[in-house]
Amino acid sequence: MLWRLFTFALCQLVAGEIGWQFSTEPYRTAGLLVGVILGGLIWFVIDLWRGARMLAWLRGGDMSESALTVGLWGEVSDRTRRLVRSRERQTADSQNRLDDFLAALQASPNGVVLLDSNTRIEWFNQTASEHFGFDPDRDLLQHFGNLVRDPAFAAYFAQNDFNHAVVMPGRASTASRPVSLSVHLHPYGEGRSLLLSRDITAVEQAEAMRRDFVANVSHEIRTPLTVLSGFVETLQTLELNKTDRQRYLNLMAQQADRMQSLVKDLLTLSRIEGSRLPGLDERVGVSTLMRQVESDARALSELVCQQSDTAHKLIFQAAPNCELVGVASELLSAMTNLSGNAIRYTPAQGTVQIGCEVDQQGRLIFSVQDSGPGIAPEHIARLTERFYRVDRSRSRETGGTGLGLAIVKHVVQRHGAELKIESTPGVGSTFSIVFPANRVLLLRQPTPMLAVVQRAEEETRL
Ligand code: ADP
């Protein structure tokens, strides 16, 4: 300010002096006055011009440099520039924080929707867009209730009680592939709301599977138990001759066997599900596995064909000289389940061929081919579900529990393998397990002595 007064006075002084010098007596005083006035005017015009430059700079100039450097306007310009720069930095910081925050919300596995006080959509993340079918270009600032018209959500919203979530179908939900969303509204601020959505389809399916499983197990156990208690009652109340008594006892033994098989399969399934994934340090000789599969298959075939005049034609291919990396007991369980099914479902005069080979990519393929009744295509995808049977009575007749292929599926998955099912009704079925090459170790032919020792070791492990 002092500088400003100083320049003003200086201008007047210089102009006054000039007026004084350029005038003659008796007009010197008048010349001085005119000079002082003109000096003030010039200062004022210059000041006005600097003010106008400052205004133009404020209106859209380059804020990285000051418009003026000296004087009051220079200081105003410098301070304004610093203030603007500091505000810009603050805005950039806030924007970065907002971007980070939105990126975090974007990364959330849950759907996030921000609603204003009129329940208009202010922002939503990609997951919410998938859950509700929102379009970022079209649906911002639309009323949430206009876009999501599910009756369950409408009732939830109308109740105005947001202590709990509501379950509603997702946008992609269809009759064949239902999608369930859990939607929870959290009010905050002045009438605003945060809406969170979570895909609970898998949780609901798991819960439904658990319920079905408990119901199935109860049913499977209750049936033989009812039959058993019926026979016990008959034996207790009726005077039976020796033959009838024996027949009843045989039937009771059959039911007890059935329950035993069921419990055995349930325990196998729960053991497989509960144990850690097979590591790469356990291995078993394929020939050892195949020998065990063969002896089990022959024994089962004899049992199944006991009552008939003919027998199965069983063909066993020579096992390749290799080892399989995995848990021996689980691998054997999967293989004998497949061979057992082929023998149980194939009529006595039919053929069952069991083999193992290493293909060109080094994968090991265990396959069981039968000339049984075959399976219609619509059943194939569901065969590995627990308790799924194509023909319930046939499965029971043959002593099936409905869990065999579920066990196979688990073992196969745990060993990174693949189960393939090919079947033609009336012709037969082929079930194959394809083990990846990294689980197959090809061996050189061992010396006869070493082979005997290895065989003995592996058989004790099985
Ligand atoms: P189960 O104990 O009933 O045999 P699985 O899980 O082993 O249960 O098999 C499921 C169903 O798949 C069986 O009930 C049967 O209908 C069908 N199945 C399995 N293997 C064969 C096969 N080799 N030939 C025909 N049907 C089969």
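Now for a quick tour of the structure. Along each chain, numbering runs from 1 in the same order as the chain's sequence is written. The predicted nature of this model means local features are confined to residues of pLDDT at least 70 and side-chain atom pairs, given and counted, to a pLDDT of 80 or more, with totals for whole chains, interfaces and linings taken over all residues. Think of the side-chain values as coming from all heavy atoms in the structure, minus any hydrogens and water.

**As for the overall build of the protein chain**
Which entries qualify depends on this criterion: Every helix listed is a DSSP run of H or I at least four residues long, and every strand listed is a run of E at least two residues long, numbered separately from the N terminus. Here the globule rule reads 2.2 Å times residues to the power 0.38, and the radius of gyration is calculated from C-alpha atoms. Working definition: with a 1.4 Å probe on protein chains only, accessible area under 20% of the residue-type maximum means buried, over 50% means exposed, and in between means partly exposed. In what follows, a contact means two residues having at least one pair of non-hydrogen atoms within 4.5 Å.
Of regular secondary structure, the protein chain possesses 14 helices and 13 strands. For the protein chain, whose C-alpha radius of gyration is 44 Å, the value lies well above the compact-globule estimate of 23 Å for 462 residues. For the protein chain, the spread of C-alpha atoms along the principal axes amounts to about 165 × 65 × 35 Å. Counting across all 462 residues of the protein chain, residues that qualify as buried make up 37%. For the protein chain, contacts bridging at least 24 residues in sequence account for 57% of all contacts bridging at least 6.

**Some thoughts on the environment of G350**
If you trace the backbone, G350 turns up in the loop between α10 (328-345) and β9 (351-358). Along the chain, G350 and K313 lie 37 residues apart, while their C-alpha atoms are 6.2 Å from each other. Apart from residues no more than four positions distant in its own chain, G350 is found in contact with H312, K313 and S371.

**Quick notes on the side chain of D265**
In plain terms, the rule: We count Lys and Arg on the positive side and Asp and Glu on the negative side, and we leave His and both chain ends out. A pairing counts as a salt bridge when a side-chain nitrogen of Lys or Arg comes within 4 Å of a carboxyl oxygen of Asp or Glu.
For D265, the location among the structural elements is in helix α8 (residues 242-274). Put simply, D265 is tucked away with no salt bridge, and the nearest opposite charge, on K264, sits 4.3 Å away. When near neighbours in sequence (up to four residues on either side) are disregarded, D265 contacts T401, L403, G404 and I407.

**Examining helix α1 (residues 2-21)**
Selection criterion: Each residue after the first adds 1.5 Å to the expected span of a helix. In this description, one arc is meant: the one made by directions from the helix axis to the C-beta atoms.
Given a rise of 1.5 Å per residue, 20 residues ought to cover 28 Å, and the 28 Å separating the end C-alpha atoms of α1 matches this to within 8%. Within α1, burial applies to R4, A15, G16 and G19. Across the axial projection of α1, the buried residues extend over an arc of 105°, all falling on one side. For α1, the exposed residues set more than 90 degrees away from the buried face come down to L2, W3 and L13.

**As for the sheet that holds strand β1 (residues 111-115)**
For clarity, the cut-off: Strands qualify as paired when DSSP identifies two bridges or more between them. Lines fitted to C-alpha atoms define the axes, with helix axes restricted to the stretch in contact, and inter-axis angles between N-to-C directions lie between 0 and 180 degrees.
Read across the sheet, 5 strands follow the order β2-β1-β5-β4-β3 without closing on themselves; strand pairing throughout is antiparallel. Only two strands of the sheet have a single neighbouring strand rather than two, namely β2 (121-124) and β3 (166-169). Sheet twist, expressed as the average angle between the axes of neighbouring strands with direction ignored, equals 25°. Here β3 pairs with strand β4 (residues 180-188) via 4 bridges, running antiparallel. Each residue of the ladder has a partner; that of P169, found in β4, is S180.

**Side note on the site of the ligand**
Using the following cut-off: Nearness here has a simple test: a residue counts as near a molecule or strand if at least one of its heavy atoms is within 4 Å of that partner. As used in this structure description, the phrase polar contact means that two N or O atoms lie within 3.5 Å; if the pair is within protein, one of them must be able to donate a hydrogen and the other to accept it, and residues adjacent in sequence are counted only when both atoms belong to side chains. Using a 1.4 Å probe, accessible areas were evaluated by the Shrake-Rupley method; residue-level cover was limited to the displayed protein chains.
By nearness alone, 20 residues border the ligand, and Y345, S395, T401, G402 and L405 come closest of all. Between the ligand and G402 there is a distance of 2.8 Å, counted from an oxygen atom to a backbone nitrogen or oxygen. Contact distances for the ligand include 3.4 Å between an oxygen atom and a backbone N or O atom of G404. Starting from 520 Å² of accessible surface for the ligand in isolation, the protein chains cover 98%.

**Some points on empty space enclosed by the protein**
We count it as follows: Here a cavity denotes a set of grid points, spaced 1 Å apart and computed over the protein atoms alone, in which a 1.4 Å probe fits but from which it cannot get out, and a pocket denotes an open set meeting protein on both sides within 12 Å along at least five of seven lines; residues with an atom within 4 Å of a point are reported as lining. Grid points are joined across faces, edges and corners, and a volume is the space filled by probe spheres set on the points. Charged residues are taken to be Asp, Glu, Lys and Arg, nonpolar residues to be Ala, Val, Leu, Ile, Met, Phe, Trp, Tyr, Cys and Pro, and polar residues to be all remaining types, Gly included.
Scanning all chains against the criterion turns up 1 cavity of 30 Å³ or more. The volume enclosed by the largest cavity comes to roughly 50 Å³. Lining of the largest cavity is provided by E220, P224, R258, M259, L262, R389, G400 and T401. Broken down by secondary-structure element, the contributors of at least two residues to the lining of the largest cavity are α7 (201-237) and α8. For the lining of the largest cavity, the element with the highest residue contribution is α8, accounting for 3 residues. Looking at side-chain class alone, the lining of the largest cavity contains 3 nonpolar, 2 polar and 3 charged residues.

These values are about where atoms sit, not about what they do.
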